[in-house]
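# Notes for the structure review
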Amino acid sequence: IMEGATGLRRMGEMMDALRRHPPQELLGQRVTRRIDYWDEDVFGPILSATDRASRNVVALFGERGLKVTVRPSGTEPKLKIYVECGGRDAGGDAGEIAALAERANEAMARHLLA
């Protein structure tokens, strides 16, 4: 949680750093694709401050199906990390997949805090 003006500034710095220096791999999976919803060439022009805030999202895709999405919360002073994994490429049972998701969440948090 990053409260106050300092926290808001820090969240912006973390998102900017993620855009400039995204991880090249996530848990040993090479990042093969990155989607930045601020990319006006792909998603059209940003029309307002509200539009800009709602599009402040970066998604990273690993080569074996791992997806990690980062965005600032719209209601709380924190960044949110969403992890998607599973299917054939994840391997293992539900417990192993949940553990993989938790490790990916922790790895992204470390990357953002660095």
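Refer to the structure above for everything that follows.
Keep in mind it's a predicted model, so treat the numbers as computed, not measured.

Attention now moves to the overall build of the chain. Scanning the chain from terminus to terminus reveals 4 helices and 5 strands. When the elements of the chain are put in sequence order from the N terminus, they spell out α-β-β-α-α-β-β-β-α. For the chain, the C-alpha radius of gyration of 15 Å lies close to 13 Å, the compact-globule estimate for 114 residues. Each of the 114 residues in the chain was classed as buried or not, and the buried ones make up 32%. Restricting the contact set of the chain to residue pairs at least 6 apart, pairs at least 24 apart contribute 50%.

Looking now at the pairing of strand β3 (residues 58-62). Most of β3 sits out of view: 5 of its 5 residues are buried. Residue alternation in β3 divides its side chains into two sets, Val58, Leu60 and Gly62 and Ala59 and Phe61, and both sets are buried. Relative to β3, strand β2 (residues 29-36) runs antiparallel, the two being bridged by 5 bridges. Its bridge partner being in β3, Ile35 is matched across the sheet by Ala59. Where β3 lies against strand β4 (residues 67-72), 4 bridges are found, and the strand directions are antiparallel. Note on β4: the bridge partner recorded for Ala59 is Thr69.

Along the chain, Arg19 turns up in helix α1 (residues 4-20). Polar contacts involving the side chain of Arg19 include one to the side chain of Asn56, which spans 2.9 Å. When residues no more than four places from it in sequence are discounted, the contact partners of Arg19 are Arg34, Asp36, Trp38, Arg55, Asn56, Val57 and Val58.

It is worth spelling out helix α4 (residues 94-113) at this point. An α-helix turns once per 3.6 residues; consequently, residues spaced three or four apart project the same way. For α4, spanning 20 residues, the distance from its first C-alpha to its last is 29 Å, which sits close to the expected 28 Å at 1.5 Å a residue. Within α4, burial applies to Leu100, Ala104, Ala107, Met108 and Leu112. The buried residues of α4 occupy an angular sector of 135° when projected down its axis, which confines them to one face. Seen from the buried face of α4, the exposed residues on the opposite side, beyond 90 degrees, are Arg110 and Leu113. In this fold, the buried residues of α4 make contact with α1, β1 (25-26), β3, β4 and β5 (79-84).

Once that is clear, we can look at the packing of aromatic side chains. Under the counting rule described, the total for this entry stands at 1 aromatic pair. Note that Arg19 overlies the ring of Trp38, its terminal NZ or CZ placed 3.8 Å from the centroid. The ring of Phe61 carries Arg33 above its face, with NZ or CZ at 5.0 Å from the centroid.

The subject of this paragraph is the packing of α1 against α4. Contact geometry for α1 and α4: axes closest at 9 Å, N-to-C directions at 105°. One way to sum up the angle between α1 and α4 is to call them roughly perpendicular. Residue-level inspection shows Arg10, Met14 and Leu18 of α1 in contact with α4, the latter providing Met108, His111, Leu112 and Leu113. Residue composition of the contact of α1 with α4, grouped by class: 5 nonpolar, 1 polar and 1 charged.

Analysis parameters
- Residues numbered from 1 in each chain as written.
- Predicted model: local features only at pLDDT ≥ 70, side-chain atom pairs only at ≥ 80, totals over all residues.
- Heavy atoms only, no water.
- Helix = DSSP H or I, 4+ residues; strand = E, 2+ residues; numbered from the N terminus.
- Rg over C-alpha atoms; globule rule 2.2 N^0.38 Å.
- Buried < 20%, exposed > 50% of the residue type's maximum accessible area, 1.4 Å probe, protein only.
- Contact = heavy atoms within 4.5 Å.
- Pairing = 2+ DSSP bridges.
- Polar contact = N/O pair within 3.5 Å; in protein donor to acceptor, adjacent residues only side chain to side chain.
- Expected span 1.5 Å × (residues − 1).
- Arc of directions from axis to C-beta.
- Phe/Tyr/Trp six-rings, centres within 6.5 Å; stacked < 30°, edge-to-face > 60°.
- Lys NZ or Arg CZ within 6 Å of the ring centre and 35° of its normal.
- Axes fitted to C-alpha atoms, helices over the stretch in contact; angles between N-to-C directions.
- Parallel < 35°, antiparallel > 145°, perpendicular 65-115°, else oblique.
- Nonpolar A, V, L, I, M, F, W, Y, C, P; charged D, E, K, R; others polar.

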